[in-house]
Amino acid sequence: MDHLSQIDGLIDWGEVRCLLGRLRSGRTGRPPYPALVLFKALLLQRWYGLSDEALEDALYDRLSFRKFVGLAVEEAIPDASTVCRFRSALSDRALGEALFEAVGRGLDARGLILRQGTLIDASLIQAAVAEPRKQPGGGVSRVDPEASWAKKGSKATFGFKLHIAVDQGSGIVRAARFTPARVADCTIGPDLVQGDEAAVYADMAYDNAVMRDTLEAGGIANAVMARPNRYHPLTEDAKARNTAIGRIRGRVEGVFGTLKRSYRRSRLVYIGLAKNRLDMFLTLLAINLRRAHKLSTA
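Conventions used here
- Residues numbered from 1 in each chain as written.
- Predicted model: local features only at pLDDT ≥ 70, side-chain atom pairs only at ≥ 80, totals over all residues.
- Heavy atoms only, no water.
- UniProt positions renumbered as here; feature names shortened; annotations may be inferred.
- Core = buried A, V, L, I, M, F, W, Y, C linked by side-chain atoms within 4.5 Å.
- Buried < 20%, exposed > 50% of the residue type's maximum accessible area, 1.4 Å probe, protein only.
- Helix = DSSP H or I, 4+ residues; strand = E, 2+ residues; numbered from the N terminus.
- Contact = heavy atoms within 4.5 Å.
- Phe/Tyr/Trp six-rings, centres within 6.5 Å; stacked < 30°, edge-to-face > 60°.
- Lys NZ or Arg CZ within 6 Å of the ring centre and 35° of its normal.

- An unreviewed UniProt entry annotates the protein chain as IS5 family transposase of Novosphingobium colocasiae.
- Check the Sequence similarities (unreviewed entry) section of the UniProt entry for the protein chain; it says "Belongs to the transposase 11 family."
- As recorded by UniProt, the Function (unreviewed entry) comment attached to the protein chain reads in full: "Involved in the transposition of the insertion sequence IS5."

See below:
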């Protein structure tokens, strides 16, 4: 059995099919291809780094691609414009997160989510548009006004920010948020706590009262690195604790590395929050399926 067939068999696609049924409205009419066919085509696009046109060609040429999406040899292939319209429809209906979560539940049903801990972090991703000139308070792009400036360390980035919660041990992304770059990590952090994990690991950017209260209320071990301040420098014990947490928390960087290098998302592909949010959720979904396949065949 080829790996695409194995990935196809990882989950029951029924919930995904049901969610995609929302696209069948009276205004848009019945699509010429089953929505699940087009959805799986978007996954192939991410796994193989294909443009819409290259995806169309690959569906003509590769029997394994046809089999994965659910098209028989004699059936017509969706063209590039059909794929583009379908992706726009998903963005318009804001279905990215719901689809991501549906696949996540399918992987959980396979016993792949371990719940030993959750690794939380965020990464800046450069916007698809040219950087505007920096001004006091930032600088706005006329082409993509939803993008913003943010600084991490000594480097300033114009774009957006991806916040993720990764299952310790499996490496599967359990939750994500996609925001303008200026949104602070600590603002989103508590929303990424799953509530069923044994511990939460995060860097000191997440060390605040809201996060501490969230973890305490859920009976979750607090493995957030301590943040020093001018009145309370870190003790040697606190420094040692931070180092130990960092060794575990740092594994979340592997997901960002995969996203930016293997899936070519060091710079965003689309303009605007909605389209890029859909792209991020679909790409994380594709990463999760690949990761789950590796775990299930190990």
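Topic: the nonpolar core
Here is step 1 of the chain: Counting residues in hydrophobic clusters, the biggest one holds 77 residues, and the most contacted among them are Leu 20, Phe 39, Trp 47, Leu 162, Ile 164 and Leu 289.
Here is step 2 of the chain: Among the elements that make up this core, the one with the highest residue count is helix α12 (residues 273–297) (11 residues).
Here is step 3 of the chain: If sequence neighbours within four positions are ignored, Ile 164 has contacts with Leu 119, Ile 120, Asp 121, Val 173, Ala 175, Ala 176, Leu 192, Val 252, Val 255, Phe 256 and Leu 284.
Here is step 4 of the chain: Residues Ala 122, Ala 165, Leu 192 and Val 224 belong to the second largest nonpolar core, which totals 14 residues.

What to know about the packing of aromatic side chains
Here is step 1 of the chain: One pass over the structure, following the stated rule, counts 6 aromatic pairs.
Here is step 2 of the chain: Above the face of the Tyr 48 ring, Arg 62 is positioned so that its terminal group lies 5.3 Å from the ring centre.
Here is step 3 of the chain: Geometry around Tyr 48 places Arg 290 over its ring, the cationic atom sitting 5.9 Å from the centre.

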